[in-house]
Amino acid sequence: MTACGKPNQALPEQEKENFSKIISQPAAPAEPEASDSAAASEIETAIDSTKDAVGETVDAAKEKIAGTVDATKNAASDAKDALSEKVDAAKDAAGAKTEEATNAVADTASNAKKGVLDALK
């Protein structure tokens with residue numbers, strides 16, 4: 001009230017009474033107009049459409065994630081199988097080399113033994 005006039009300016013008695021009446025009345029909610037109901041209906045429809053769209057997006061994302069997980073599992077399984085094959089091949093190659101070395105040592109020992117026996121004769 002003081003913003004509209006001088007701070008110390010007194011209001012006329014009639015204005016004081018009107019102000020008191022207005023202040024003492026409880027605030028009543030305004031009746032919605034027909035256009036308000038239509039707008040509310042449009043908002044509800046838009047909210048429902050948005051919920052549906054979000055649900056569809058979430059479902060599509062879940063499907064993509066599941067596909068990615070399955071593809072990753074398959075790739076990991078394939079890599080494991082390939083690695084197992086390489087490990088088996090390396091074991092076989094190491095076994096063959098070990099056997100060759102063992103045979104070479106045995107042949108060398110046998111030849112040395114023959115040489116010693118021949119020398120002792």
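Look up a bit, the structure's there.
So, here is what we can say about the structure in this document.

Here is what the cut-offs are and how they apply
Residues numbered from 1 in each chain as written. Predicted model: local features only at pLDDT ≥ 70, side-chain atom pairs only at ≥ 80, totals over all residues. Heavy atoms only, no water. Helix = DSSP H or I, 4+ residues; strand = E, 2+ residues; numbered from the N terminus. Areas by Shrake-Rupley, 256 points an atom, 1.4 Å probe, with all protein chains shown as cover. Expected span 1.5 Å × (residues − 1). Buried < 20%, exposed > 50% of the residue type's maximum accessible area, 1.4 Å probe, protein only. Patch = residues over 30% accessible without salt bridge, like charges linked within 9 Å, V, L, I, M, F, W, Y side chains within 5 Å. Salt bridge = Lys/Arg side-chain N within 4 Å of Asp/Glu carboxyl O. Lys, Arg positive; Asp, Glu negative; His and termini not counted. Charge placed at Lys NZ, Arg CZ, Asp CG, Glu CD.

## Observations regarding the overall build of the chain
So, point 1. Helix and strand counts for the chain come out as two helices and zero strands.
So, point 2. If you sum the accessible surface of the chain, you get close to 10800 Å²; carbon and sulfur atoms cover 59% of it.

## Structural notes on helix H1 (residues 13–24)
So, point 1. End to end, H1 covers 16 Å across 12 residues, agreeing with the expected 16 Å (1.5 Å per residue, within 8%).
So, point 2. Along H1, only zero of the 12 residues are buried, which leaves the element largely exposed.

## A closer look at a nonpolar patch on the surface
So, point 1. A surface patch of nonpolar side chains, amounting to about 320 Å² of accessible area, comprises Phe19, Ile22 and Ile23.
So, point 2. By the secondary structure assignment, Ile23 is in helix H1.
So, point 3. Exposure remark for Ile23: the relative accessible area of 56% places this residue in the exposed category.

## Comments concerning a negative patch on the surface
So, point 1. Among the surface-exposed residues, Glu44, Asp48, Asp52, Glu56, Asp59 and Glu63 lie close enough to one another that they form a single negatively charged patch.
So, point 2. Counting through the fold element by element, Glu56 comes out in helix H2 (residues 34–120).

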